Amino acid sequence: ADKWVNYGLIPYVDIWDRKPIGVFAIFAAAVAFFKNGILGYQIIATLFVIVTCGVVFRIARQFSDGWVPLFAAMIYALGIMLWEGQGAQTPVFYNLFVAAAAAILFEGVVVGPAERRKVATSLLSASLLFGLSLQLKYTAVIEAAALSLYVLYILYKQHLFKIHEFAALAIAMMFCGLVPTMAVGAIYAIIGHWPEFFDANFISIFEKHTWNLDAMEYLSRFRNTTLFGIVFIPLAAHGLWRVVFNRDLGSRGAVLRGVAIWLLAA
């Protein structure tokens, strides 16, 4: 690894990318702990996928029994490979944090006991995990916001907190979600490189030219995505029917609706 790694360079300052610092950290770990950095990041990605499959399995058990949770975990592992996850795309990593946060919210709030302290702990813990996902890719904020708003809506209907407590809890969730990003930004500000950090992380994406692909490339991407999705359309239709029309599912229905909102956001 020493032959092709330049040590001491500062991301966004000496080398440039628009990805958050978490991506640099993962690939640095691959170089540090494995003799072959390319093999190392794929091993790390594989471990992330395995753990994420376990989290998907746990979430699925909230609304289904038998073989369905195992099937859901298998679909995730297969989907990662079909959508070029073997190259360690950022969702391979941040999906774990988003899924873990969703599991905490579903178990600790949606179907959990209505104990104020436990609910608050679940909300803030999930928000911190969402915050970590942002340091792998900022677009994860869409999933984080959708899941958080859904759970806050459920809490609002439960009248578990007074209105000022509810508002304070929502603000605390947003703060916890921003903590990892604020911490990284603060470090760059301290070392005198805040402009470089801010430009790479928040400005450069709006200057990216994304419409330079030819028609065949777009067609190929659409075809690959659609072919995978068609296989599961009957299952998705059945799940949607249960979410919309079956009102006798109790807490399982609440989790199913949460998963449906999550999928739409993703």
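Every value quoted in this text rests on a predicted model; they were computed, and no experiment measured them. Along each chain, residue indices are assigned from 1 in the same order as the chain's sequence is written. Selection of residues for local features in this predicted model requires a pLDDT of at least 70, selection of side-chain atom pairs for listing and counting requires 80 or more, and totals for whole chains, interfaces and linings are taken over all residues. Note that water and hydrogens are dropped before the side-chain values are worked out from all heavy atoms of the structure.

1. Looking at the overall build of the chain
For step 1, the next point in the chain: Starting at the N terminus, helices and strands are each numbered in turn, a helix being any DSSP run of H or I of at least four residues and a strand any DSSP run of E of at least two. Within the chain, the secondary structure is distributed over 11 helices and 0 strands.
For step 2, the next point in the chain: Seen in sequence order, the chain has helices and strands lined up from the N terminus as α-α-α-α-α-α-α-α-α-α-α.
For step 3, the next point in the chain: Computation of the radius of gyration draws on C-alpha atoms alone. For the globule rule, the value is 2.2 Å times the number of residues to the power 0.38. In terms of C-alpha radius of gyration, the chain reaches 20 Å, essentially the compact-globule figure of 18 Å for 266 residues.
For step 4, the next point in the chain: For the chain, the C-alpha atoms occupy an extent of roughly 60 × 45 × 35 Å along the three principal directions.
For step 5, the next point in the chain: Note on classification: 1.4 Å probe, protein chains only; a residue is buried when its accessible area is under 20% of the maximum for its type, exposed when over 50%, partly exposed between these limits. Within the chain, the fraction of its 266 residues that count as buried is 39%.
For step 6, the next point in the chain: In what follows, residue pairs with any heavy atoms lying within 4.5 Å of each other are defined as contacts. Of all intrachain contacts in the chain linking residues separated by at least 6 positions in sequence, the fraction that spans at least 24 positions is 69%.

2. Here's the deal with the packing of aromatic side chains
For step 1, the next point in the chain: Between rings of Phe, Tyr and Trp, where Trp is taken as its six-membered ring, a pair exists when centres lie within 6.5 Å; planes separated by under 30 degrees are stacked, by over 60 edge-to-face, and by other angles tilted. One pass over the structure, following the stated rule, counts 14 aromatic pairs.
For step 2, the next point in the chain: With centroids separated by 5.6 Å and ring planes inclined at 65 degrees, the aromatic side chains of Trp67 and Phe71 adopt a geometry described as edge-to-face.
For step 3, the next point in the chain: With a centroid separation of 5.9 Å and an interplanar angle of 80 degrees, the aromatic rings of Phe197 and Phe202 are classed as edge-to-face.
For step 4, the next point in the chain: Under the relative-accessibility criterion, Phe197 is labelled buried at 1%.
For step 5, the next point in the chain: By way of ring pairs, the aromatic residues Tyr12, Phe24, Tyr138, Tyr188, Trp194, Phe197, Phe198 and Phe202 are connected into one cluster.

3. Examining a nonpolar patch on the surface
For step 1, the next point in the chain: Two distance rules govern patches: like charges are joined within 9 Å, and nonpolar side chains (Val, Leu, Ile, Met, Phe, Trp, Tyr) within 5 Å, applied only to residues with over 30% relative accessible area and no salt bridge. The Shrake-Rupley method, run with a 1.4 Å probe sphere, supplies the accessible areas, and residue values consider only the shown protein chains as cover. One side-chain nitrogen of Lys or Arg within 4 Å of one carboxyl oxygen of Asp or Glu is enough to make a salt bridge. On the surface, Leu39, Ile43, Leu47, Ile50 and Val51 cluster together to form a nonpolar patch covering roughly 440 Å² of accessible area.
For step 2, the next point in the chain: You can see Ile50 is positioned in helix H2 (residues 37-60).

4. Some words on unusual backbone geometry
For step 1, the next point in the chain: One non-glycine residue with positive phi stands out, namely Tyr12, at about 75 degrees.
For step 2, the next point in the chain: Phi at His159 is positive, roughly 55 degrees, even though this residue is not glycine.
For step 3, the next point in the chain: Its location among the elements puts His159 in the loop between helix H6 (141-158) and helix H7 (163-190).

5. A look at the packing of H6 against H7
For step 1, the next point in the chain: All axes are obtained by fitting lines to C-alpha atoms, using only the stretch in contact for helices, and the reported angles, taken between N-to-C directions, cover 0 to 180 degrees. At their nearest, the axes of H6 and H7 sit 12 Å apart, and the two run at 165 degrees to each other. What the angle tells us is that H6 and H7 run roughly antiparallel. The two elements H6 and H7 meet at a crossing, and its hand is right-handed. Facing H6, whose interface residues are Ser148, Leu152, Leu155 and Tyr156, H7 presents Ile163, Phe166, Leu169, Ala170 and Met173. Here roughly perpendicular refers to angles of 65 to 115 degrees, roughly parallel to angles under 35, roughly antiparallel to angles over 145, and oblique to all remaining angles. In this scheme, a crossing is called left-handed if the near helix is turned counterclockwise away from the far one by less than a right angle; it is called right-handed if the turn is clockwise.

6. Some words on the nonpolar core
For step 1, the next point in the chain: Counting residues in hydrophobic clusters, the biggest one holds 67 residues, and the most contacted among them are Ile59, Phe93, Phe106, Leu123, Leu147, Leu155 and Trp262.
For step 2, the next point in the chain: Sort the elements by how many residues they give to this core and helix H4 (residues 90-110) lands first, with 15 residues. As used here, the term nonpolar core means buried Ala, Val, Leu, Ile, Met, Phe, Trp, Tyr and Cys residues forming a set that is joined through side-chain atoms within 4.5 Å.

7. So, the confidence of the model for the chain
For step 1, the next point in the chain: Residue-level confidence of the predictor is what pLDDT reports, using numbers from 0 through 100. Looking at the chain, the pLDDT average stands at 85 and 90% of residues meet or exceed 70.
For step 2, the next point in the chain: Helix H9 (residues 215-231) is the least confidently modelled element of the chain, averaging 72 in pLDDT, while H7 averages 94, the highest of any element.

8. A look at H7
For step 1, the next point in the chain: Multiplying 1.5 Å by the helix residue count minus one yields the expected span of that helix. With 28 residues, H7 extends 38 Å from end C-alpha to end C-alpha; this agrees with the ideal 40 Å at 1.5 Å per step.
For step 2, the next point in the chain: Considering bend angle alone, the principal kink of H7 is centred on Val179 and spans about 45 degrees; proline Pro180 follows within four residues of it.
For step 3, the next point in the chain: Phe166, Leu169, Ala170, Met173, Cys176, Gly177, Pro180, Thr181, Val184, Gly185 and Tyr188 are the residues of H7 that are buried.
For step 4, the next point in the chain: If you follow the buried residues of H7, they end up packed against helix H1 (21-33), helix H5 (116-134), H6 and helix H8 (194-203).
For step 5, the next point in the chain: One or two positions beyond H7, positive phi appears at Gly192, with a value near 85 degrees. The bend reported for a residue corresponds to the angle between axes fitted to the seven residues ending at that residue and the seven starting there.

9. A look at the environment of Ala144
For step 1, the next point in the chain: By the secondary structure assignment, Ala144 is in helix H6.
For step 2, the next point in the chain: In this structure Ala144 comes out as buried when scored by relative accessible area, which is 8%.

10. Regarding the environment of Tyr94
For step 1, the next point in the chain: As for its placement among the helices and strands, Tyr94 is situated in helix H4.
For step 2, the next point in the chain: It is 24 Å that separates the C-alpha atoms of Tyr94 and Val68, two residues lying 26 residues apart in sequence.

11. A word on the pattern of salt bridges
For step 1, the next point in the chain: The full count for this structure, using the stated rule, is 3 salt bridges.
For step 2, the next point in the chain: Linking Glu115 and Lys118 is a salt bridge whose minimum nitrogen-to-oxygen distance equals 3.7 Å.
For step 3, the next point in the chain: For Arg116, the salt bridge identified is with Glu165, shortest N-O distance 2.9 Å. Here Arg116 is found in helix H5, whereas its partner Glu165 is found in helix H7, with 49 residues between them in sequence.

12. A look at the side chain of Ser127
For step 1, the next point in the chain: Relative to the helices and strands, Ser127 is located in helix H5.
For step 2, the next point in the chain: Taking relative accessible area as the criterion, Ser127 reaches 2% and is therefore assigned buried.
For step 3, the next point in the chain: Once residues within four sequence positions are removed from consideration, Ser127 is found in contact with Met173, Cys176 and Gly177.

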